Structure formats: structure tokens, C-alpha cells
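# Chain and residue survey
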Amino acid sequence: MQRPTPSLRDPAYLDGQFLVAMPGIGDERFARSVIYLCAHSADGAMGIIVNKPLTDLSMPDLLIQLDIASEDDAIRLRERVGHMQVLMGGPVDAKRGFVLHTADFHIDQSTLQIDEGVCLTATVEILRAIADGRGPSNAVLALGYAGWQAGQLENEILANGWLNCPADPELIFDPGLGTKYDQVLKAIGIDPAMLSADAGRA
């Protein structure tokens, strides 16, 4: 199968889109990654991997570790936020938290609206709101992010490292992390099995 040739929107940038790792990405940290691109400009780009879980850390445990909630709140937290995903958002700044969430929650001077239905907030206040039941209707917490210097992402896309496509907010918050990569490919008409068979070819 011939690899699809990604096209950069001109003059717009790709923030608010998905980046899907191609088989020849050349970096195991990003193998089969789906990244939601939060910011993209002439200065570089920043995104969150939305399909790789941190398996050793749950949302209730994290809130307790950060002293946002106490051990006594553990049962209440499991009921309230136990369903929330904690993701490995990328290799940069891996101890810093970023919350992707629906637009029904906003903190002045802190929340960045990326697309009509998706926002990014990276302050502890949103975690407090989530713990108290005042947070957004849908959210995922990522530790770390993926970052690119000026021109780097464009070069990687043109070298067939990434495929870009419109992002589906429902897929961002879909708890089925293991199937998200295939779902995104199928949504844009690509058979994941055929794409895998093309791995390793320049």
C-alpha cells in the first residue's frame, strides 16, 4: 500500500488536529501514538499523546499524592474520578500535568481553548475542581507533552513520520485507549493492517 501523503494547511497551522504516528516514525516513544496538537505556530508545536496510559498511577492516587485530597477521601474519589484516564502525554516535562477537557469548564488566564469542544488547562486549580466535583464533564490528565522546535514538525510530516487529520473530540476522551490508534486511521479511510504491512519502507 502506498503511504498517504499528508498535506499541511496553508497558511493555517495544525493545532486542533490529530497527529497519527506512521510505521516509519523512527522513535519508539511515539510508536502507534495519536497526538492531539494543542499549539502550532512558526515557533514550534506542542501536543498531548491521547492513547498511552500511565498504568501505575490512577487519578484518585494522583490527587492524594498532590495533597489535593486526603486518604480519607479515597472512596469518594474513586466514585467521582476513578474513570478518568491518566495518560503518558509525552517525553517533555514528564512530571508536569496537563488536562485536556470539554469547554464547559474555564479558568480565566489559565484555560486555553484549542477547538470548539476542547480546552487545555495546566494549573492545579482544575484538579481541585475535578476532585470537588466542579470540573468539566469530560477530561483526561496527561503527564508530560510532545514538543517540536520551529520547522521540526513540518519536516517530520513531509518525511512521512506523521499523518495529520481532523480531531474528533469524542475520541480524545474515549476510554478505549488500546483501540484509539486504529479508530483514528479507520475514520480517515485507512486500513491499519495495510499500514502496518508497509512498515520499514522509505
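Please read these numbers as outputs of a predicted model, since none were measured by experiment.

## Overview of the overall build of the protein chain
If you tally the helices and strands in the protein chain, you get seven helices and nine strands. Burial statistics for the protein chain: of 202 residues in total, 46% are counted as buried. A separation threshold of at least 6 residues defines the contact pool for the protein chain, and within that pool the share at least 24 residues apart is 66%. As displayed, the protein chain has an accessible area near 10,200 Å², and 48% of this comes from carbon and sulfur atoms.

## Some points on the side chain of Lys180
Structurally, Lys180 is set in helix α6 (residues 177-187). Asp174 provides the closest opposite charge to the buried, salt-bridge-free Lys180, at an N-O distance of 5.8 Å. Non-local contacts of Lys180, meaning those with residues more than four positions away in its chain, are made with Val34, Val50, Asn51, Leu171, Ile172 and Asp174.

## As for unusual backbone geometry
With glycine set apart, most residues show a phi of negative sign, and most peptide bonds adopt trans. Of note, Arg32 is a non-glycine position whose phi angle comes to about 55°, a positive value. By the secondary structure assignment, Arg32 is in the loop between β1 (17-21) and β2 (34-41).

## Looking at the packing of aromatic side chains
As enumerated under the stated definition, the model contains four aromatic pairs in all. Consider the rings of Phe18 and Tyr36, whose centres lie 6.3 Å apart with planes at 80°: the pair is edge-to-face. With Phe18 in strand β1 and Tyr36 in strand β2, this residue pair connects regions lying 18 residues apart in the sequence. Overall, Phe18 belongs to the buried group, its relative accessible area being 1%. Every member of this aromatic cluster is reached through a ring pair, and the members are Phe30, Trp148 and Trp162.

## Here we look at the confidence of the model for the protein chain
Summarising the model, the protein chain shows a mean pLDDT of 85, and 90% of its residues fall at 70 or more. Averaged over each element, pLDDT in the protein chain is lowest for helix α7 (residues 192-197) (68) and highest for strand β3 (residues 44-49) (97). Considering only residues more than four positions removed or in separate chains, one finds that residues 197-202, a stretch of pLDDT under 50, has seven contacts.

## Remarks on the pattern of salt bridges
Evaluation of the coordinates by the stated rule reveals three salt bridges. The partner of Arg29 in a salt bridge is Asp27, with the nearest N and O atoms 2.8 Å apart. With relative accessibility at 48%, the residue Arg29 sits in the partly exposed group. As a salt-bridge pair, Asp182 and Arg32 come within 3.3 Å of each other at their nearest N and O atoms. Here Asp182, found in helix α6, pairs with Arg32, found in the loop between β1 and β2; they are 150 residues apart in sequence, far enough to count as distant. Judged by its relative accessible area of 38%, Arg32 falls in the partly exposed class.

## Observations concerning helix α3 (residues 124-131)
Considered for burial, the residues of α3 that qualify are Ile126, Leu127, Ala129, Ile130 and Ala131. One or two steps after α3, the chain reaches Gly133, where phi turns positive at roughly 80°.

How each quantity is defined
- Residues numbered from 1 in each chain as written.
- Predicted model: local features only at pLDDT ≥ 70, side-chain atom pairs only at ≥ 80, totals over all residues.
- Heavy atoms only, no water.
- Helix = DSSP H or I, 4+ residues; strand = E, 2+ residues; numbered from the N terminus.
- Buried < 20%, exposed > 50% of the residue type's maximum accessible area, 1.4 Å probe, protein only.
- Contact = heavy atoms within 4.5 Å.
- Areas by Shrake-Rupley, 256 points an atom, 1.4 Å probe, with all protein chains shown as cover.
- Lys, Arg positive; Asp, Glu negative; His and termini not counted.
- Salt bridge = Lys/Arg side-chain N within 4 Å of Asp/Glu carboxyl O.
- Phe/Tyr/Trp six-rings, centres within 6.5 Å; stacked < 30°, edge-to-face > 60°.
- pLDDT = per-residue confidence, 0-100.

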